[in-house]
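Each chain, written out:
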Amino acid sequence: MISARALKKCFADGTGGELPVLNGVDLEVKRAEFVAILGPSGSGKSTLLHVLGGLDIHYQGEVQVAGVKLAALDDKGLARFRNREIGFVFQSFHLIPNLTAIENVLLPAYFDPRSINGEHRHRAEEVLSRVGMIGKKDRVPAQLSGGERQRVAIARALFARPKVLFCDEPTGNLDSVTGREVIDLFRALHQEGLTVLVVTHEERMSAAAQRILRLRDGRLADELDPEMRE
Amino acid sequence: MTLSSMARLVSLSLRRDRPRAAFSTFGVAVGVGALVFFVALGLGVARVIREKVFPIDSALVDVVPPAISLGSLLGGGKVDQATMDRLATLPNVLHAYRKMNVRVPAVSRYEGAFFGSHLRMGLEILAVGVDRGLVEKDVQLGAFADPNPGEPIPAIASSRLLEIYNKTFAPARKLPQLSPKLVVGFTFPVEFNRSFVAATSDGQVMAERLQIVGISDRALLAGVTIPLETAIRLNRSASADAQTFTAATLVARDPSAVPKIADEVKRMGLQTDDQERRLAQNAGLAVALTTSALALLSVLICVLAAVNIAHALSASVRARAREIGIMQAVGASRSDVRLIVLGEAAAIGLSGGLVGTIGAVLAAAVVDRVSSSYLPSFPYKPDSFFSYPLEVIAGGIALGMIAALSGAYFPSRHAASMDPARTVAE
């Protein structure tokens, strides 16, 4: 489902030089697999997620997600890929403040070639029900708790029936109880057949994932890889 | 992204920051409103000049003998019947009408009833005789021909003279204002070959009566227009020149042929009297220049509105960087982002253009109302000083859109070039 080969990504270090963040990352994630990538802050987890999700196009190497080679897509193709093939869940929820929960969930539909119709609304209600937020669909984010906001964000990510869910520190802004509820939700979604890739620095996420990878020094290694263990 | 989706996103964005949107819209409305107001004022005043002050028939060419010419010393340069025959056969000339001044002075001494008032007056009168065809469409009473002895001479007064009488003379002398219909039929005495100020010829004073039979734009401004045969008869009776004509009026087949006819007339050793046309053009030019200066000022206001929109949208785009990143994360392309920002500007421009145009129309209505209620009456005072052709309305709205979209050009490019990976991470 996800394949990355020799991924390299550098940032300018502010002195004219380059700071490597991803230094030859190889990754294979199978269909319906739940993978967690762990690593300390600044290790390049989010960068890796953005590259895999088609948000960052400035990299070296090959990336293929859901059978789509990202390097072959132009801006419109990448937008369509993000709209239909994948869903993003961010640490800070990233909901639009003046939109209600259901309008936030409908946001991907605005970039669909078809006009927003009853089918879209029905789907939005369906995913809100799935995450347990249908009762608060008309509330704006300011009227929701952190956990509720993240549930709405997850509903938005699920709206277009994505093949892969990319999650960037999804429990980072939640207390332990709410975080556990969100982790349980990811586990349930995975059991329904969704491919889930989570990047996090929280060890508690590892309990839910089938496979744990660690990102260190710009490279990925399986948790069980003896060479990467300290 | 469909148009309805874009409209919805634009609406959401504008509603979120209503003060910014309202301020930007206000800027566009002021510029567009000022432009529409001044252009409509210029067009309205130009219309008054064209239709009332100098109602020039664009197909007419007035021909006069040259003021000084070697030809006239040698007997040429006159407008006689032979000249008229030649003028009538010039290319593109439909009709050639003769004009002859009554070449003796005339006065009118009147004392009696005057439309419900008592009037006692004495004034010098100028009279010009013209061919019937020149004014026949304006004749409302009887035939425009030399009358039988004892009958009044049919006379046509100038519509502009009536306007000046109504707006200045009548109010000053507390006389009634007269409509063209009311004036027709009014008869007053005239003594030809008599003057209060000028020397007269040796002949006898000819006592006649003039009867107004019509009001015309083509009539002599400061005098009366009578049948040509009458003018010839009066001149002959006063032993004045009754052979040569004072002027001729040619009617062109088409206004576009007037310059060619004028050239032909000059080649014949004659001149064209385009004083009125020049006055109209000069007045029109003065109005156009004033209007242009005010319109330029208004366009500058629109430019300032565009700059304000550029600043406001740039600030908005910076403030919404994360939101734009979110939209890109869920499927917005760079062109979608750009369209949303341009859509916001278009909405501001459209509403600003509409508000400005409506405001200009309302302001014009207020000015017209104040003018009709509080401004004293004066000659050619119009019911409205403004003219609003569809092009001005559409142009105002289009200008609002252009100003707003121009202002949004760089902010929209900036928004589209944002790196979503960076903005969602911030």
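As the structure is a prediction and not an experimental result, all values here were calculated from the model. (Residues numbered from 1 in each chain as written. Chains lettered and ligands numbered in written order. Predicted model: local features only at pLDDT ≥ 70, side-chain atom pairs only at ≥ 80, totals over all residues. Heavy atoms only, no water.)

Residue and element names in this part refer to chain B. Considered domain by domain, chain B is made up of domain 1 (3–54 + 280–425) and domain 2 (99–246). Averaged C-alpha coordinates put domain 1 and domain 2 at centres separated by 55 Å. Taken residue by residue, the interface counts eight residues in domain 1 and five residues in domain 2. Between domain 1 and domain 2, the buried area comes to about 540 Å², and carbon and sulfur atoms account for 54% of it. For the domain 1 face of the interface with domain 2, the top three residues by lost area are Ser 377, Pro 379 and Tyr 380, together amounting to 70%. The tally of links between domain 1 and domain 2 comes to zero salt bridges. Summed over the shared surface of domain 1 and domain 2, the result is zero residue pairs in polar contact (both at pLDDT 80 or more). Considered class by class, the residues forming the side of domain 1 that touches domain 2 number five nonpolar, one polar and two charged. (Domains from an automatic or database assignment. Contact = heavy atoms within 4.5 Å. Buried area = accessible area lost by both parts, 1.4 Å probe. Salt bridge = Lys/Arg side-chain N within 4 Å of Asp/Glu carboxyl O. Polar contact = N/O pair within 3.5 Å; in protein donor to acceptor, adjacent residues only side chain to side chain. Nonpolar A, V, L, I, M, F, W, Y, C, P; charged D, E, K, R; others polar.)

Let's shift gears to the nonpolar core. In this structure, A:Leu107, A:Phe111 and B:Leu9 are the most contacted members of the largest nonpolar core, which totals 46 residues. Elements supplying a minimum of two residues to this core: helix H1 (3–16), helix H2 (18–53), helix H10 (275–319), helix H11 (321–329), helix H12 (334–374) and helix H13 (390–416) of chain B. Residues contacting A:Leu107, with those up to four places away along its chain left out, are A:Ile96, A:Leu99, A:Arg156, B:Leu9, B:Ile326 and B:Val330. Membership of the second largest hydrophobic core comes to 39 residues, among which are A:Val89, A:Ile102, A:Val152 and A:Leu158. (Core = buried A, V, L, I, M, F, W, Y, C linked by side-chain atoms within 4.5 Å. Buried < 20%, exposed > 50% of the residue type's maximum accessible area, 1.4 Å probe, protein only. Helix = DSSP H or I, 4+ residues; strand = E, 2+ residues; numbered from the N terminus.)

Below, the discussion takes up the sheet that holds strand E10 (residues 247–252) of chain B. All names here are of chain B. The mixed open sheet is built from eleven strands, whose spatial order is E4-E3-E7-E8-E6-E9-E5-E2-E10-E1-E11. In this open sheet, the two edge strands, each paired with only one partner strand, are strand E4 (117–125) and strand E11 (271–272). One ladder, built from four bridges, connects strand E5 (residues 127–130) with strand E9 (residues 224–227); its direction is parallel. By the bridge assignment, Val 130 is partnered in E9 with Pro 227. The strands touched by helix H4 (residues 81–88) are strand E1 (60–64), strand E2 (93–101) and E10; relative to E2, the strand with the most contacts, the crossing angle is about 155°. Of the strands in this sheet, strand E3 (106–114), strand E6 (153–158) and strand E8 (206–216) touch helix H6 (residues 159–173), which is tilted by about 65° from E6. (Pairing = 2+ DSSP bridges. Axes fitted to C-alpha atoms, helices over the stretch in contact; angles between N-to-C directions.)

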